[in-house]
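Listed below are the residues making up each chain.
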Amino acid sequence: MPRNVEAKSVESDADVTFAAIESQTTMNDRRSLIAVRNSVRRAVGEYTYLEIGSHLGGSLQPFVLDPSCKLMWSIDKRPAVMPDARGSRFEYADNSTARMVALLTALDPAIGDRLRWIDSDAADIPASTINPAPKLMFVDGEHTDRAVYSDGEFCRRVMDPAGSVLVFHDAQIVYLGLRQLFLDWEAAGVPFTAYHLPDVLMVVEFGLAIHDDAEIRPLLLNNHVGYLTSLFVNDVYRHVANRFPAKQYWALRKTAKRWLRR
Ligand SMILES: C[S@@+](CC[C@H](N)C(=O)[O-])C[C@H]1O[C@@H](n2cnc3c(N)ncnc32)[C@H](O)[C@@H]1O
């Protein structure tokens, strides 16, 4: 099949899969999430999914629509206001579990049989609660480095030790938390493989290799997509650096340094 035909059909799959409930993901994020879901399913068959940060349930849709996903854990603290590494605080209007469950029930009237939700920060949940253990996890909760580190550690505690895949959203925001997690796991001898998928996903494989899957390989090979998108969305910082007062501040600093070296 020609490449453009294949890409078009995957994109329309993402359109359909994410049509019912609003999700805070881009079209490329959705395509990548579907590819990860499909490759995990090809590798293991039936599986449990866990998500931190569900909001309206938008990113739960691909799993609600997949009969091989036998159980979904949705963890969401649902604070009125949340801190964010970009500086401002974020508010989500009418961010309730009742609203999410109603939307998911419209998608699958029997969703109650497969969905377990916990209104909490993941760090406050005993690992033994998460039974059965997930093979696929998605972290999209509080977007701070501290929270993503904590959520990543939680996922590693509760995941299926026989082999799991952990996906982080918005890696271009929480990159310092991810960097620290990876440094600490490397130092502790934790075996893992991590890579970026478009637009802004960081995928971590723990003993479950999906990177050679026919749906993942082309995304990985064309890694310019996620790399350039991430730089593009962070370009606001370069704009700030090249304007008053940051530009004048850097010039002053340079002059002061030269002066002090004399
Ligand atoms: C970006 S939204 C999630 C979007 C959703 N994944 C989607 O694609 O539509 C972030 C969610 O994280 C939740 N949240 C904020 N702080 C949290 C925390 N400490 N632990 C768990 N969830 C948190 C918020 O209530 C919000 O629903």
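Everything discussed here concerns the structure shown above.
Residues numbered from 1 in each chain as written. Predicted model: local features only at pLDDT ≥ 70, side-chain atom pairs only at ≥ 80, totals over all residues. Heavy atoms only, no water.

Draft legend 1. Seen up close, the nonpolar core. Counting 33 residues, the largest nonpolar core has Val36, Tyr49, Met72, Leu136 and Val165 as its most contacted members. If you tally residues by element for this core, the top one is helix H2 (residues 27-44), at 5 residues. Judged by nonpolar contacts, the second largest core, of 30 residues, contains Ile118, Val148, Ile173 and Val204. (Core = buried A, V, L, I, M, F, W, Y, C linked by side-chain atoms within 4.5 Å. Buried < 20%, exposed > 50% of the residue type's maximum accessible area, 1.4 Å probe, protein only. Helix = DSSP H or I, 4+ residues; strand = E, 2+ residues; numbered from the N terminus.)

Draft legend 2. Spotlight on the site of the ligand. Contacts to the ligand come from 20 residues, most closely from Ser59, Asp76, Asn95, Asp121 and Asp140. Burial of the ligand by the surrounding chains reaches 98%, relative to a free accessible area of 600 Å². For the shell around the ligand, the class distribution of residues is 4 nonpolar, 10 polar and 6 charged. (Near = heavy atom within 4 Å. Areas by Shrake-Rupley, 256 points an atom, 1.4 Å probe, with all protein chains shown as cover. Nonpolar A, V, L, I, M, F, W, Y, C, P; charged D, E, K, R; others polar.)

Draft legend 3. Structural view of the sheet that holds strand E6 (residues 136-139). One open sheet holds the 7 strands; their spatial order is E5-E2-E1-E6-E7-E9-E8, and the pairing between them is mixed. Across the chains shown, the open sheet's two edge strands, defined by having one partner strand only, are strand E5 (115-118) and strand E8 (193-197). Between one strand axis and the next, the sheet turns by 15° as a mean value, whatever way the strands run. Note that strand E2 (residues 69-75) and E5 share 4 bridges and pair parallel. (Pairing = 2+ DSSP bridges. Axes fitted to C-alpha atoms, helices over the stretch in contact; angles between N-to-C directions.)

Draft legend 4. Expanded view of H2. In a regular helix each residue adds 1.5 Å, so 18 residues correspond to 26 Å; H2 covers 26 Å between its end C-alpha atoms and thus fits that length. Every buried residue of H2 is listed here: Asp29, Arg30, Arg31, Ser32, Leu33, Ile34, Ala35, Val36, Arg37, Asn38, Ser39 and Val40. Where H2 terminates, the next one or two residues include glycine 45, which has phi positive at roughly 80°. (Expected span 1.5 Å × (residues − 1).)

Draft legend 5. Representation of empty space enclosed by the protein within the structure. In this structure the tally under the stated criterion is 1 cavity of 30 Å³ or more. In terms of lining residues, the largest cavity is bounded by Val139, Asp140, Gly141, Glu142, His143, Val148, His169 and Val174. Its residues assigned to classes, the lining of the largest cavity comprises 3 nonpolar, 3 polar and 2 charged. (1 Å grid on protein atoms, 1.4 Å probe; cavity = no way out; pocket = protein on both sides within 12 Å on 5 of 7 lines; lining within 4 Å. Points joined across faces, edges and corners; volume = space filled by probe spheres on them.)

Draft legend 6. Representation of unusual backbone geometry within the structure. Omega for the bond connecting proline 198 with aspartate 199 falls within 30 degrees of zero, at -10°, which places this linkage in the cis form. Structurally, the position occupied by aspartate 199 is in the loop between E8 and strand E9 (201-206). Here the bond from phenylalanine 244 into proline 245 is cis, since omega is 5°, no more than 30 degrees from zero. Phi is positive for histidine 55, close to 50°, though the residue is something other than glycine. Relative to the helices and strands, histidine 55 resides in the loop between strand E1 (47-52) and helix H3 (61-64). On the accessibility criterion, histidine 55 (16% relative accessible area) is buried. Despite not being glycine, aspartate 94 shows a phi value in the positive range, around 50°. You can see aspartate 94 is positioned in the loop between strand E4 (90-91) and helix H4 (97-107). Look at aspartate 94 and you get exposed, because its relative accessible area is 53%.

Draft legend 7. Representation of the pattern of salt bridges in the model. Under the counting rule described, the total for this entry stands at 12 salt bridges. Its salt-bridge partner being arginine 41, residue aspartate 66 comes within 3.0 Å of it at the nearest N-O pair. Of the two residues, aspartate 66 sits in the loop between H3 and E2 while arginine 41 sits in helix H2, which places them 25 residues apart along the sequence. Two residues, aspartate 235 and arginine 238, come together in a salt bridge whose shortest N-O distance is 3.0 Å. (Salt bridge = Lys/Arg side-chain N within 4 Å of Asp/Glu carboxyl O.)

Draft legend 8. Representation of the side chain of threonine 97 within the structure. Position of threonine 97 relative to the elements: it lies in helix H4. Take threonine 97: its relative accessible area is 9%, and that puts it in the buried class. Of note is the side chain of threonine 97, whose polar atom sits 2.6 Å from the side chain of aspartate 119. Those residues in contact with threonine 97 that sit more than four places away from it in its chain are Arg78, Trp117 and Asp119. (Polar contact = N/O pair within 3.5 Å; in protein donor to acceptor, adjacent residues only side chain to side chain. Contact = heavy atoms within 4.5 Å.)

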